[in-house]
Amino acid sequence: LHTATALRSYDMRRVELTPLEQRKLTFDTHALVRDLQANGFAKEQAELIVTALVTLTTANMDIVYRDMVTGAHQEIALQQIMSHLDSIRKDMVILEKSEFSNLRAENEVLWKKISKIDFFCWL
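Residues numbered from 1 in each chain as written. Predicted model: local features only at pLDDT ≥ 70, side-chain atom pairs only at ≥ 80, totals over all residues. Heavy atoms only, no water.

Enquirer: Could you give me a rundown of the packing of helix H1 (residues 29–38) against helix H2 (residues 43–66), with the residues and numbers involved?
Expert: Between H1 and H2, the shortest axis-to-axis distance is 9 Å and the interhelical angle comes to 135 degrees. Taken together, the axes of H1 and H2 are oblique relative to one another. Between H1 and H2 lies a crossing of right-handed hand. Of the residues in H2, those touching H1 at Thr29, Leu32, Val33, Leu36 and Gln37 are Lys43, Ala46, Glu47, Ile49, Val50, Leu53 and Val54. (Axes fitted to C-alpha atoms, helices over the stretch in contact; angles between N-to-C directions. Helix = DSSP H or I, 4+ residues; strand = E, 2+ residues; numbered from the N terminus. Parallel < 35°, antiparallel > 145°, perpendicular 65-115°, else oblique. Left-handed = near helix turned anticlockwise from the far one by under 90°. Contact = heavy atoms within 4.5 Å.)

Take a look at the structure:
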């Protein structure tokens, strides 16, 4: 049977993104055990439930943290991307200049050929 009770909050604090070995979600497990006991669970049952909740929460946090990045990591990745884009822009400018030089040289060759043809046409 499930009876509706007032929602209780346990002492919790926000967890910062820290290295895996330092990640912890802290809450008052003893208060939760006492609350479970007050609602009809035996001490051993309450302790087992709290242990299971801690284990599941820790495993779930590990999964969530694997998909998250810190602001610092995100800033580093953004700077790397911006640097790479700057490098690409520079390469494009160099390529455009060299391509322009190649086109100019090719254009000069074509103009010389046209001039020769024009010269022979007037003869």
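Enquirer: Describe H1, listing the residues and the values that go with them.
Expert: Looking only at H1, the buried set comprises Ala31, Leu32, Val33, Asp35 and Leu36. For H1, the secondary structure elements touched by its buried residues are H2. By the N-cap criterion, in which a side-chain oxygen at the helix start approaches the backbone nitrogen of a residue two or three places on, H1 is capped by Asp28, the distance to His30 being 3.3 Å. Phi for Gly40, located one or two positions after H1, is positive at around 105 degrees. (Buried < 20%, exposed > 50% of the residue type's maximum accessible area, 1.4 Å probe, protein only. Polar contact = N/O pair within 3.5 Å; in protein donor to acceptor, adjacent residues only side chain to side chain.)

Any functional reading would require information beyond the geometric quantities listed.
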